[in-house]
Amino acid sequence: MARRVVSCERLISADASVIFDVLTDPSQHAAIDGSNTVQGHVGKQERLSLGSTFAMRMRLGVPYRIKSRVFEFAENRLIAWGILAGPAGGMSCGLSRSV
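Residues numbered from 1 in each chain as written. Predicted model: local features only at pLDDT ≥ 70, side-chain atom pairs only at ≥ 80, totals over all residues. Heavy atoms only, no water.

> What's the story with the overall build of the protein chain in this structure? I'm lost.
Looking only at helices and strands, the protein chain has 2 helices and 5 strands in total. The buried share among the 99 residues of the protein chain stands at 27%. In the protein chain, once contacts between residues fewer than 6 apart in sequence are set aside, the share between residues at least 24 apart is 22%. By element, 52% of the accessible surface of the protein chain is carried by carbon and sulfur atoms, the whole surface being about 7,100 Å². (Helix = DSSP H or I, 4+ residues; strand = E, 2+ residues; numbered from the N terminus. Buried < 20%, exposed > 50% of the residue type's maximum accessible area, 1.4 Å probe, protein only. Contact = heavy atoms within 4.5 Å. Areas by Shrake-Rupley, 256 points an atom, 1.4 Å probe, with all protein chains shown as cover.)

> Explain the nonpolar core here, please?
Here is a general trend for soluble globular proteins: nonpolar side chains tend to be buried in one another's company. With 13 residues, the main nonpolar core has Phe-54, Met-56, Val-70, Ile-79 and Trp-81 as its most contacted residues. Looking at this core, the elements with two or more residues in it are α1 (16-23), β2 (53-60), β3 (62-74) and β4 (78-85). In contact with Val-70, not counting residues within four places along its chain, are Leu-48, Ser-49, Leu-50, Gly-51, Ser-52, Phe-54, Ile-79, Ala-80 and Trp-81. (Core = buried A, V, L, I, M, F, W, Y, C linked by side-chain atoms within 4.5 Å.)

> What's the story with the packing of aromatic side chains in this structure? I'm lost.
For any pair of aromatic rings, the description consists of the separation of the ring centres together with the inter-plane angle of the planes. Under the counting rule described, the total for this entry stands at 2 aromatic pairs. For the pair Phe-20 and Phe-73, a centre-to-centre distance of 6.4 Å together with 70 degrees between the ring planes defines the contact as edge-to-face. Residue Phe-20 is located in helix α1, and its partner Phe-73 is located in strand β3; the two are separated by 53 residues in the primary sequence. Judged by its relative accessible area of 1%, Phe-20 is buried. Considering the side-chain rings of Phe-54 and Trp-81, the 5.7 Å spacing of their centres and the 85 degrees angle between planes classify their relative orientation as edge-to-face. Here the residue Phe-54 occupies a position in strand β2, and Trp-81 occupies one in strand β4, the gap between them amounting to 27 residues. Take Phe-54 and Trp-81: they sit in the same class, and that class is buried. (Phe/Tyr/Trp six-rings, centres within 6.5 Å; stacked < 30°, edge-to-face > 60°.)

> Teacher, can you tell me more about unusual backbone geometry here?
Backbone phi values are negative for most residues with the exception of glycine, while trans is the configuration of most peptide bonds. Positioned with a positive phi, Asn-36 is a non-glycine residue whose angle comes to about 65 degrees. With respect to the secondary-structure elements, Asn-36 resides in the loop between α2 (29-32) and β1 (38-41). Classification of Asn-36 as exposed rests on a relative accessible area of 59%. Even without glycine at this site, Asn-76 takes up a positive phi of about 60 degrees. Relative to the elements of secondary structure, Asn-76 occurs in the loop between β3 and β4. With a relative accessible area of 25%, Asn-76 lands in the partly exposed category.

Here is the structure:
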């Protein structure tokens, strides 16, 4: 099966630290999800950093849960995570800031 890569860029008029405060807090991910599949976080979530794992409640037709791990992280510059289990296995999401 061929690997599919999708990417987009957005310019956000805010300090990187403000954006990262949202991205590193899983309890805020549903508010920024444009697909409406993220329903909320599972359990107590700490601020994300390199190696962190976090779980989310999802819905795409039927409800399910996913667990992800942060695999790239540079404070206020880069964050990327990948799904460890779930119907979209292997997908990654992230943000990077140009310097």
